Amino acid sequence: MAGIPSLAIKGAIAVALFGAVLKTAAMVQPSLLLSIPNVGFIFHTILTGKPPPPYFTFDAWEPEEAKTWLRDGDVVVATGAKSGTTWMLYCTHQTRTKGSADADELFEDISIATPWPELLQDPEMTWTKQKDLLNTTVLPSGVPLKDKWDNARYPFRVWKSHATPQTLPIKQFPNVKFISMTRNGMDVLSSMIPFFNSHTDEFRKMWGGFPPADTGSVEENAAKRLEELMPRGMLEHLYFGYVKEWWPFRNEPNVFFSHYADAIKDLRGHVVKLSKFIGVELNEKELDTVVERCGMPHMKKNAHMFQYRLPLSEKWSDAYIMELGSMTRKGGIGVGKVDFTDEQKAKWAKAEEEMLGHDPALLKYAREGGSFD
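Residues numbered from 1 in each chain as written. Predicted model: local features only at pLDDT ≥ 70, side-chain atom pairs only at ≥ 80, totals over all residues. Heavy atoms only, no water.

(A) Broad picture of the packing of helix α4 (residues 85–96) against helix α14 (residues 267–278). Contact geometry for α4 and α14: axes closest at 10 Å, N-to-C directions at 65 degrees. Handedness of the crossing formed by α4 with α14: right-handed. Each of Trp87, Met88, Cys91, Thr92 and Thr95 in α4 lies in contact with α14, whose residues at this interface are Leu267, His270, Val271, Leu274, Ser275 and Ile278. Looking at side-chain class alone, the contact of α4 with α14 contains seven nonpolar, four polar and no charged residues. (Axes fitted to C-alpha atoms, helices over the stretch in contact; angles between N-to-C directions. Helix = DSSP H or I, 4+ residues; strand = E, 2+ residues; numbered from the N terminus. Left-handed = near helix turned anticlockwise from the far one by under 90°. Contact = heavy atoms within 4.5 Å. Nonpolar A, V, L, I, M, F, W, Y, C, P; charged D, E, K, R; others polar.)

(B) Quick peek at the packing of aromatic side chains. On inspection of all chains with the given rule, the structure shows 29 aromatic pairs. Summarising the aromatic geometry, the rings of tyrosine 55 and tryptophan 207 are spaced 5.5 Å apart at their centres and angled 70 degrees between planes, so their arrangement reads as edge-to-face. Taken together, the positions of tyrosine 55 in the loop between α2 (40–48) and α3 (63–66) and tryptophan 207 in the loop between α10 (201–206) and α11 (218–229) put the pair 152 residues apart, joining distant regions of the chain. Tyrosine 55 sits in the buried class, given a relative accessible area of 7%. Judged by centre distance (5.0 Å) and plane angle (75 degrees), the ring pair of phenylalanine 257 and phenylalanine 372 falls under edge-to-face. Taken together, the positions of phenylalanine 257 in strand β4 (residues 255–259) and phenylalanine 372 in the segment after α19 (360–368) put the pair 115 residues apart, joining distant regions of the chain. Accessibility expressed as a relative area gives 7% for phenylalanine 257, which makes it buried. Ring pairs connect the aromatic residues Phe41, Tyr55, Phe56, Phe58, Trp116, Phe195, Phe196, Phe203, Trp207, Phe210 and Tyr308, which therefore count as one cluster. (Phe/Tyr/Trp six-rings, centres within 6.5 Å; stacked < 30°, edge-to-face > 60°. Buried < 20%, exposed > 50% of the residue type's maximum accessible area, 1.4 Å probe, protein only.)

(C) Structural context of a nonpolar patch on the surface. Judged by side-chain polarity, Val39, Ile42 and Ile46 come together as a nonpolar surface patch covering roughly 260 Å² of accessible area. Summarising the element assignment, valine 39 is placed in the loop between α1 (7–28) and α2. (Patch = residues over 30% accessible without salt bridge, like charges linked within 9 Å, V, L, I, M, F, W, Y side chains within 5 Å. Areas by Shrake-Rupley, 256 points an atom, 1.4 Å probe, with all protein chains shown as cover. Salt bridge = Lys/Arg side-chain N within 4 Å of Asp/Glu carboxyl O.)

(D) A look at the pairing of strand β3 (residues 177–182). When you tally the buried positions in β3, you get five out of six residues, the bulk of the element. For strand β1 (residues 75–77) and β3, the ladder comprises three bridges, and the chain directions are parallel. The residue bridging valine 77 from the neighbouring strand is isoleucine 179, located in β3. (Pairing = 2+ DSSP bridges.)

(E) Inspection of the packing of α4 against helix α15 (residues 284–294) at higher detail. Where α4 contacts α15, the two axes come as close as 9 Å, and the packing angle between them is 160 degrees. It follows that α4 is roughly antiparallel to α15 by the angle criterion. As α4 packs across α15, the resulting crossing turns out to be right-handed. Listed contacts from α15 to Trp87, Tyr90, Cys91, Gln94 and Thr95 of α4 are Val290, Arg293 and Cys294. (Parallel < 35°, antiparallel > 145°, perpendicular 65-115°, else oblique.)

(F) Spotlight on the environment of glutamate 368. Summarising the element assignment, glutamate 368 is placed in helix α19. Setting aside residues no more than four positions away along its own chain, glutamate 368 makes contact with His259, Ala261, Asp262 and Lys265.

(G) Up close: the sheet that holds strand β2 (residues 158–160). Taken together, the four strands give an open sheet; going across it, the order is β2-β1-β3-β4, and neighbouring strands pair in parallel fashion. The strands lining the two open edges of the sheet, one partner per strand, are β2 and β4. Averaged over all adjacent pairs, the angle separating strand axes in this sheet is 20 degrees, with direction ignored. Across the sheet, α19 is in contact with β3 and β4; its angle to β4 comes to roughly 65 degrees.

Keep in mind these values describe shape, not function.
See below:
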């Protein structure tokens, strides 16, 4: 039997060869890794060194690149993940149209009226391709996509982002306005539990199984989301990174720094502040209309507008990112206290102290909002 490799050696060789193939794929065409069902995103993360989600790219926000498409007057709604993003995008749109009768017709879908530069609409896409397609794509209705997001009636364009000032060119573009919104961390965690499973199967398949599907157990899902968002967890940057990196920019003149809890408690007051920041003057009737449409009852009636279509993808143009109704859940303040055990809540509080406790004002604001001056 001498000279014949043992089964263990053969296995080791096979594993090494498989690893070499994956590394080559990561270097030549990273999207190939995402074709591996269910776990492709894990290989993508390990071999490219890029944290999930795998469909994020921040190329659009490089200062020199931003000069080719970002313009004075633009508004970037850069809220934290699960911190009112869809809500604020829609509210900003309603404000810019002053609640006009056809505001929802103009909106159609959130991806169409308020584009998301950092979202790749399929694994073969790049920001450069998407930038061109934003200006050349014609919707199935025959209407140019550009007429939806860059309509001549709009006083400004609205863009979506989850990025922070580490990426966004805030100081380089003083005439572009940026909207930030933070939320209580436990409430973010609570919102993450149903959110992962609310993505369509088509979208999850496209991105190698990300975000991971529901385990079928609320308790297991809660534990997984907690570990992922904890310091040094896979998704730490989506909460702690966001909160810490926005805090030093809270008083920048082109930043609207806000908290989810404050907007929930006083939506009318929030709309008044928002409209002033983006330079839209609303009379009382217009304000009433905008506040009503920014409320959850109206958004629930129009849940089809918040499914995040993929109009730039040739292969997936008929697909949606989100299941119908998943982006118009009630939300609220203090919901995280219900979904987690006392032990888990204590663990999260300790993590907050570790990551944010160096500045008591920051820690207090992250938890409950209020004044930040």
